[in-house]
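# Geometric and topological summary
Listed below are the residues making up each chain.
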Amino acid sequence: MTFNPDSNISGGKVSRRSRGAGMAVGGGGILALILAIASPLLGVDLTPLSGMFGGGAGDQSQNQPADDLDECQTGADANSNVACLMKGAAASLDAYWSGKFAQEGISYRSPAGFVLFSGSTSTGCGTASSATGPFYCPNDETIYVDTSFFDELRNQFGANGGPLAEMYVVAHEWGHHIQKVLGTMDNLNLQQTGPTSDSVRLELQADCYGGSWMKDASTVPDSSGVAFLQPITKAQINDALNAASVIGDDRIQEQATGQSNPETWTHGSSDERVKWLTIGFENGPGACTTFDGNP
Ligand SMILES: [Zn+2]
């Protein structure tokens, strides 16, 4: 999936925190470290055991000036730079979901933030590090992504990569925000694990919401009526399905330990993740009924 070069992505709400931000004051880093140990991250994430490979730790990511995102103005920028791709995805996802909510007559609110970080950063859900993987914090309604995860996705998880696979990561986290806004997260038991647990149902629904956006993304217009994205190609959808597949619980457990333990699953198997992404892609968000019956 490629951006129309002349589409306007300047409205995408993304900010950047540079490596070590918040640690400049003496001792802050140690305090953050203590807090990280004392309070496990409470967000909802993309990968079941993210960081188990040691994480990218941001080694590959460059420390860019905080204002580089201001230079992301057009679809052409999104096609040439991963930070701009994130900004473009945010612009498209925001327009898509605000349109869907309007159709249903319900009020939409954008995520309070979408933060690109490297190294570590403090969040409303505790301290996040690169090893945490992309996640959504319901407490501050903010999406956190270290884009070095995309390197990890290819190099450690063995994904094909590609722009749609990377945008699927954002679309999945945006799906968690939709769940927060709709109240889906209320009264769930997210300590529960296993193939029919609330955790797995929540994650598969976020995959399905990601697929829903892909279905309509090439028709979502920017503020002047230019579609953000060109029609999705078969190769691109295969890349997104491949990304969903490599981060299935069974695949990751087998890769790590040689066996899969379904009772500990938190995100769903490779097959289920692919299945629900496909259901969303073919049928839209109304079909994302992962809380009914067996997901
Ligand atoms: Zn998730």
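Predicted model, so just to flag it, every value in this text is computed and none were measured.

Scanning the chain from N- to C-terminus turns up 9 helices and 7 strands. Evaluated residue by residue, the chain yields a buried proportion of 52% over its 295 residues. Across the chain, every contact between residues at least 6 apart in sequence was considered, and the portion connecting residues at least 24 apart equals 76%. Here the chain has roughly 12,000 Å² of accessible surface; of this, 50% comes from carbon and sulfur atoms.

A few words now on the confidence of the model for the chain. Confidence in the prediction for the chain averages 86 pLDDT; 84% of positions are at 70 or higher. Taken as a whole, residues 21–40 scores under 50 in pLDDT and shows 6 contacts with residues more than four places along the chain or in a different chain. Low confidence marks residues 49–65, where pLDDT is under 50. Its contacts with residues over four positions away, or in another chain, come to 34 contacts.

One finds Trp 97, Phe 114, Leu 153, Trp 174 and Trp 213 to be the most contacted residues of the largest nonpolar core, which totals 63 residues. At the level of secondary structure, the elements contributing two or more residues to this core comprise helix H3 (82–104), strand E3 (113–117), strand E7 (142–145), helix H4 (149–155), helix H5 (163–182), helix H6 (198–216), helix H7 (234–246) and helix H9 (270–283). Examining the composition of this core, we find that 11 residues originate from one element, H3, more than from any other. Within the second largest apolar cluster, 7 residues are counted, among which are Val 115, Cys 125, Phe 135 and Tyr 144.

What follows is about the pattern of salt bridges. Scanning the model with the defined rule gives 9 salt bridges in all. The salt bridge partner of Asp 216 is Lys 100, with a shortest N-O separation of 3.7 Å. Of this pair, Asp 216 sits in helix H6 while Lys 100 sits in helix H3, and the two are 116 residues apart along the sequence. Judged by its relative accessible area of 18%, Asp 216 falls in the buried class. Between Asp 207 and Arg 273 there is a salt bridge, with its nearest N and O atoms 2.8 Å apart.

Another aspect to go through is the coordination of the zinc ion. Each protein donor to the zinc ion is listed here as Asp 45 (O), His 172 (NE2), His 176 (NE2) and Glu 203 (OE); together their distances run 1.9 to 2.2 Å. Coordination geometry of the zinc ion: the 4 donor atoms subtend angles of 93 to 135 degrees at the metal centre, consistent with an arrangement described as tetrahedral.

With respect to topology, 5 strands assemble into an open sheet ordered E1-E3-E7-E6-E2, the strand pairing being mixed. The open sheet has two edge strands, strand E1 (15–17) and strand E2 (44–45), and neither has a second partner. In this structure, strand E6 (residues 135–137) lies alongside E7, joined through 3 bridges in antiparallel fashion. Among the inter-strand pairings, Tyr 136 is bridged to a residue of E7, identified as Ile 143.

It is worth spelling out the state of the cysteines at this point. Throughout the structure, instances matching the rule amount to 3 disulfides. In this model, Cys 125 is linked to Cys 137 through a disulfide, with the two sulfur atoms separated by 2.0 Å. Given an S-S torsion of about 90 degrees, the disulfide between Cys 125 and Cys 137 has right-handed geometry. Of this pair, Cys 125 sits in the loop between strand E4 (120–123) and strand E5 (126–129) while Cys 137 sits in strand E6, placing them 12 residues apart in sequence. Residues Cys 125 and Cys 137 agree in their burial class; the two are buried. Linked covalently through their sulfurs, Cys 208 and Cys 288 form a disulfide whose S-S length is 2.1 Å. Between Cys 208 and Cys 288, the S-S torsion sits near -80 degrees, and that sign places the bridge as left-handed. On the criterion of sequence distance, the pair formed by Cys 208 in helix H6 and Cys 288 in the segment after H9 is long-range, its members being 80 residues apart.

Let us look at the environment of Leu 164. Relative to the helices and strands, Leu 164 is located in helix H5. Accessibility expressed as a relative area gives 1% for Leu 164, which makes it buried. Sequence separation of Leu 164 and Ala 243 is 79 residues, and the distance between their C-alpha atoms is 9.4 Å.

Let's shift gears to the packing of aromatic side chains. According to the stated counting rule, one finds 8 aromatic pairs in the structure shown. Taken together, a centroid distance of 5.4 Å and an interplanar angle of 70 degrees make the contact between Trp 97 and Tyr 209 edge-to-face. Placement of the pair is Trp 97 in helix H3 and Tyr 209 in helix H6, with a sequence separation of 112 residues. Each of the two residues, Trp 97 as well as Tyr 209, counts as buried. A connected cluster of aromatic rings, assembled from ring pairs, spans Tyr 96, Trp 97, Phe 101, Tyr 108 and Tyr 209.

Scoring rules and cut-offs
- Per chain, the residues get numbers from 1 upward, laid out in the order the sequence is written.
- Only residues with pLDDT of at least 70 get local features here, since the model is predicted, and only at 80 or more are side-chain atom pairs given and counted; chain-wide, interface and lining totals rely on the full set of residues.
- Heavy atoms throughout the structure, all of them, feed into the side-chain values; hydrogens and water do not.
- For the purposes of this entry, the term helix denotes a DSSP run of H or I that reaches at least four residues, the term strand denotes a run of E that reaches at least two, and both are numbered from the N terminus.
- Burial status follows relative accessibility: with a 1.4 Å probe on protein chains alone, a residue under 20% of its type maximum counts as buried, one over 50% as exposed, and anything between as partly exposed.
- The contact rule is simple, with two residues in contact once any of their heavy atoms fall within 4.5 Å.
- Accessibility throughout is a Shrake-Rupley quantity obtained with a 1.4 Å probe, and a residue counts as covered only by protein chains that appear here.
- For every residue, the predictor states its confidence as a pLDDT score lying anywhere from 0 to 100.
- Each nonpolar core is a collection of buried residues, namely Ala, Val, Leu, Ile, Met, Phe, Trp, Tyr and Cys, held together in the definition by side-chain atoms within 4.5 Å.
- Salt bridge criterion: a side-chain nitrogen from Lys or Arg within 4 Å of a carboxyl oxygen from Asp or Glu.
- For Na, K and Ca the donor cut-off is 3.2 Å, and for all other metals it is 2.8 Å, counting N, O and S atoms only; because water is absent from this set, sites may look incomplete.
- A site with four donors is called tetrahedral when every donor-metal-donor angle falls between 85 and 135 degrees; four donors are called square planar, and six octahedral, when opposite donors sit more than 155 degrees apart and all other angles fall between 65 and 115; any other arrangement is irregular.
- Strands qualify as paired when DSSP identifies two bridges or more between them.
- Here, a disulfide means two cysteine sulfur atoms that sit within 2.5 Å of each other.
- Ring geometry is summarised as follows: Phe, Tyr and Trp rings, the Trp one being its six-membered ring, pair when their centres sit within 6.5 Å, and such pairs are stacked at plane angles under 30 degrees, edge-to-face over 60 and tilted between the two.

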